[in-house]
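One-letter residues, chain by chain:
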Amino acid sequence: MDTLARLERTIAQRRSAADESSYVATLKARGLPVMARKLGEEGVETVIAALSGTREELVGESADLLFHLLVLLAEKDVPFGEVLAELERREGTSGLAEKAARGA
């Protein structure tokens, strides 16, 4: 988890960098819809890698997915710790029971 915490801090710093010097700043300048679309693209690429790619491709796409999730969370001012807290809250609860409690 230290890696994700460091990455979250790096993303926070790079959000204010000059656009041409930072991919994160470029995404921020392009706006939330682009960030959300990029996260979706990475999700699809992760699924494709899981179904037909190599182990290395799945690892790489999973890393891209996590990175873009952290970028999107930063844009929405949601600390990754809140996501972890939600996972902790759900820990020990059946996925089926948790889903039913949400009415999904």
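Because the structure is predicted, anything quoted here is derived from the model rather than measured.

A word on the nonpolar core. If you look at the biggest cluster of nonpolar residues, it comprises 14 residues, and the most contacted ones within it are Ile11, Leu70 and Val71. Contributions of two or more residues to this core are made by helix H1 (2-14), helix H2 (23-30), helix H3 (32-52) and helix H4 (55-75). With six residues, the single largest contributor to this core is H4. When neighbours within four sequence positions are excluded, Ile11 is seen to be in contact with Val24, Phe67, Leu70, Val71 and Ala74.

As a further point, take the packing of H3 against H4. How two helices pack is summed up by the angle between their axes together with the distance between the axes. Relative to each other, H3 and H4 sit at 160 degrees, their axes nearing to 8 Å. One finds that H3 runs roughly antiparallel with respect to H4. Here the hand of the crossing between H3 and H4 comes out left-handed. Contacts between H3 and H4 involve Leu32, Met35, Ala36, Lys38, Leu39, Glu42, Gly43, Glu45, Thr46, Ala49 and Ala50 from the first element and Glu57, Leu58, Glu61, Ser62, Asp64, Leu65, His68, Leu69, Val71, Leu72 and Glu75 from the second.

Moving on, we get to the pattern of salt bridges. Counted according to the given criterion, the structure contains six salt bridges. Salt-bridge contacts for Glu75 lead to Arg15; the nearest nitrogen and oxygen are separated by 2.7 Å. Of this pair, Glu75 sits in helix H4 while Arg15 sits in the loop between H1 and H2, and the two are 60 residues apart along the sequence. When its relative accessible area of 21% is taken as the criterion, Glu75 is described as partly exposed. The shortest N-O distance in the salt bridge between Lys38 and Glu42 comes to 3.2 Å. Of this pair, Lys38 and Glu42 both sit in helix H3, four residues apart, roughly one helical turn.

With that settled, the discussion passes to the environment of Phe80. Tracing the chain through its elements places Phe80 in helix H5 (residues 80-90). Overall, the relative accessible area of 10% leaves Phe80 in the buried class. Taking the C-alpha atoms as reference, Phe80 lies 25 Å from Glu57; in sequence the two are 23 residues apart.

What counts as what
- Think of each chain on its own: its residues are numbered from 1, step by step along the sequence as written.
- Residues qualify for local features only when their pLDDT is at least 70, as the model is predicted, and side-chain atom pairs are given and counted only at 80 or more; totals for whole chains, interfaces and linings, by contrast, use all residues.
- The side-chain figures draw on all heavy atoms in the structure; neither hydrogens nor water molecules are used.
- Working definition of a nonpolar core: buried Ala, Val, Leu, Ile, Met, Phe, Trp, Tyr and Cys residues. They are joined through side-chain atoms within 4.5 Å.
- Exposed residues in this analysis have more than 50% of their type's maximum accessible area, buried residues have under 20%, and partly exposed residues fall in between, with area computed by a 1.4 Å probe over protein chains only.
- Helix and strand assignments follow DSSP, with helices taken as H or I runs no shorter than four residues and strands as E runs no shorter than two, numbered in order from the N terminus.
- We call two residues in contact when some of their heavy atoms are within 4.5 Å.
- Orientation is described by lines fitted to C-alpha atoms, with helices fitted over the stretch in contact, and by angles between N-to-C directions that extend from 0 to 180 degrees.
- Each angle gets one of four labels, with under 35 degrees taken as roughly parallel, over 145 as roughly antiparallel, 65 to 115 as roughly perpendicular, and the rest as oblique.
- Rotating anticlockwise by less than a right angle from the far helix to the near helix defines a left-handed crossing, while the corresponding clockwise rotation defines a right-handed one.
- By definition here, a salt bridge exists when the distance from a side-chain nitrogen of Lys or Arg to a carboxyl oxygen of Asp or Glu is within 4 Å.

Spatial relationships are all this shows, so hold off on functional conclusions.
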